Amino acid sequence: MEIIIQPTPAAATTIAARLVARLIREKPAAVLGLATGGTMEPLYRELVALKLDWSRLTTFNLDEYVGISPQHPQSYHHFMWEKLFGQVNISDQNVNLPDGLAQDVPATCEHYERKIFSAGGLDLQLLGIGTHGHIGFNEPTSSLASRTRIKTLTPQTRQDNARFFGSVEAVPHHVITMGIGTILESRHCLLLAFGKKKARAIAEAVEGPITAMNPASALQLHPKVTVFLDEEAAGELKLTDYYRWVYAQKPDWQKI
Ligand code: GLP
């Protein structure tokens, strides 16, 4: 794992945006795995401002709530069209999100996996992290080999996401999420985490043992993960001096 610690979320986001933009320029028909959540909003704003060509890209989002329509203001469909897809020249048939209204949930999940495979697999996967280490909606105790499937949210996640829905009661109980096994097959994972409330989850994920109790710790098994942190989210890491040293000493050809 490469750990990039920046003074502010904005500085870290700019570097992450540069990495995504580089892939889009070098591989115009790339397959992107996208994420939602407050952490991603400034990243999408930066990508929109860069005026990249999205016309040949294909995207797959990590997750969606079950039982709310794509038009619902808190659906991840709505989030993605508002914050990103509606502002770039992506072709709507290249946009993929799990279908939260599917009648046959296992079939729709299998279909999603097959579609990712047929598209050639994910070149890059964006990830945020939950306060207890979830990636996508893979809650603690998720199988580290899991594929796209239905999950039941923990009370903690429903509480964390209540700010978007107005009340905790309005947050759905069920979601469809790519599995940890799905995420681990992407060619490059970019994990962004900012603020004190993510510090514990980050320390466990980066420096703790690999455990289903912190699903993001499974990323230690992935050969190419870049973690973007601000000082607060890096606050509980032990080897911060080393991570800063590594970043400062990067050979020119590795610079972002
Ligand atoms: C949400 C999403 C995750 C996201 C995480 C953090 O519930 N399902 O994909 O990474 O929680 O969200 P935020 O960036 O708002 O802190």
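What this report covers is the structure whose coordinates are included nearby.

## Regarding the sheet that holds strand β9 (residues 189–193)
Then comes step 1: A sheet is described by the order of its strands in space; here 7 strands give the open sequence β1-β10-β9-β6-β2-β3-β5, paired in parallel fashion. Each edge of the open sheet carries a strand with a single partner, namely β1 (2–6) and β5 (95–96).
Then comes step 2: Looking at chain direction, β1 and strand β10 (residues 225–230) are connected through 5 bridges and run parallel. Bridge assignment links Ile 5 to a residue of β10, and that residue is Leu 229.
Then comes step 3: Across the face of the sheet, helix α4 (residues 105–118) comes into contact with β3 (58–61) and β5 while running at roughly 150° to β3.

## Some thoughts on a nonpolar patch on the surface
Then comes step 1: A cluster of nonpolar side chains, namely Leu 239, Tyr 242, Trp 245 and Val 246, defines an oily patch on the protein surface of about 430 Å² accessible area.
Then comes step 2: Mapped onto the fold, Trp 245 is located in helix α8 (residues 240–248).

## Topic: the state of the cysteines
Then comes step 1: Counting across every chain of the model gives 0 disulfides.
Then comes step 2: Take Cys 109: it sits in no disulfide, and the sulfur closest to it among the cysteines is that of Cys 189, at 20 Å.
Then comes step 3: Since its relative accessible area comes to 4%, Cys 109 is described here as buried.
Then comes step 4: On the basis of relative accessibility, which here comes to 0%, the residue Cys 189 falls in the buried class.

## A closer look at the site of the ligand
Then comes step 1: Lining the immediate surroundings of the ligand are 14 residues, of which Gly 38, Thr 39, Asp 63, Asn 161 and Lys 198 lie closest.
Then comes step 2: Between the ligand and Asn 161, the relevant distance is 2.9 Å, taken from an oxygen atom to a side-chain nitrogen or oxygen of the residue.
Then comes step 3: Within the side chain of Arg 163, one N or O atom sits 2.9 Å away from an oxygen atom of the ligand.
Then comes step 4: Of the residues assigned to the shell around the ligand, the class counts are 3 nonpolar, 8 polar and 3 charged.

## Digging into the sheet that holds strand β4 (residues 63–65)
To summarise the sheet geometry, strands pair through backbone hydrogen bonds and adopt either a parallel or an antiparallel arrangement.
Then comes step 1: What the 3 strands build is an open sheet, ordered β4-β8-β7; its pairing is antiparallel. This sheet does not close on itself; its edge strands, each paired only once, are β4 and β7 (149–152). Shown here is a sheet whose adjacent strand axes are inclined to one another by a mean of 30°, direction ignored.
Then comes step 2: Bridge analysis of β7 against strand β8 (residues 174–177) gives 4 bridges, and the strand direction is antiparallel. Within the sheet, the bridge partner assigned to Lys 151 lies in β8 and is Val 175.

## Remarks on the pairing of strand β2 (residues 31–34)
Two faces, one strand: in a regular strand the side chains alternate between the faces of the sheet.
Then comes step 1: Here β2 shows a buried face lined by Val 31 and Gly 33 and a second buried face lined by Leu 32 and Leu 34.
Then comes step 2: Regarding the hand of the β-α-β motif, the stretch spanning β2, helix α2 (residues 40–49) and β3 is right-handed.
Then comes step 3: Direction of pairing for β2 relative to strand β6 (residues 124–127): parallel, over a ladder of 2 bridges. Directly across from Gly 33, in β6, lies its bridge partner Gln 125.

## Some points on the environment of Glu 41
Then comes step 1: Structurally, the position occupied by Glu 41 is in helix α2.
Then comes step 2: Remark: the alpha-carbon pair of Glu 41 and Phe 79, spanning 38 residues in sequence, is separated by 9.3 Å.
Then comes step 3: Not counting residues up to four positions away in its chain, the partners in contact with Glu 41 are Phe 79 and Lys 83.

## What about unusual backbone geometry?
Then comes step 1: We note that Lys 51 has phi near 50°; this positive angle belongs to a residue other than glycine.
Then comes step 2: Turning to its location among the elements, Lys 51 is positioned in the loop between α2 and β3.
Then comes step 3: Phi angles above zero are rare outside glycine, and Thr 141 is one such case at about 80°.
Then comes step 4: Using a relative accessible area of 55% as the deciding quantity, one classes Thr 141 as exposed.

Conventions used here
Residues numbered from 1 in each chain as written. Predicted model: local features only at pLDDT ≥ 70, side-chain atom pairs only at ≥ 80, totals over all residues. Heavy atoms only, no water. Pairing = 2+ DSSP bridges. Helix = DSSP H or I, 4+ residues; strand = E, 2+ residues; numbered from the N terminus. Contact = heavy atoms within 4.5 Å. Axes fitted to C-alpha atoms, helices over the stretch in contact; angles between N-to-C directions. Patch = residues over 30% accessible without salt bridge, like charges linked within 9 Å, V, L, I, M, F, W, Y side chains within 5 Å. Areas by Shrake-Rupley, 256 points an atom, 1.4 Å probe, with all protein chains shown as cover. Salt bridge = Lys/Arg side-chain N within 4 Å of Asp/Glu carboxyl O. Disulfide = S-S within 2.5 Å. Buried < 20%, exposed > 50% of the residue type's maximum accessible area, 1.4 Å probe, protein only. Near = heavy atom within 4 Å. Polar contact = N/O pair within 3.5 Å; in protein donor to acceptor, adjacent residues only side chain to side chain. Nonpolar A, V, L, I, M, F, W, Y, C, P; charged D, E, K, R; others polar. Right-handed = clockwise from strand over helix to strand, strands pointing away.

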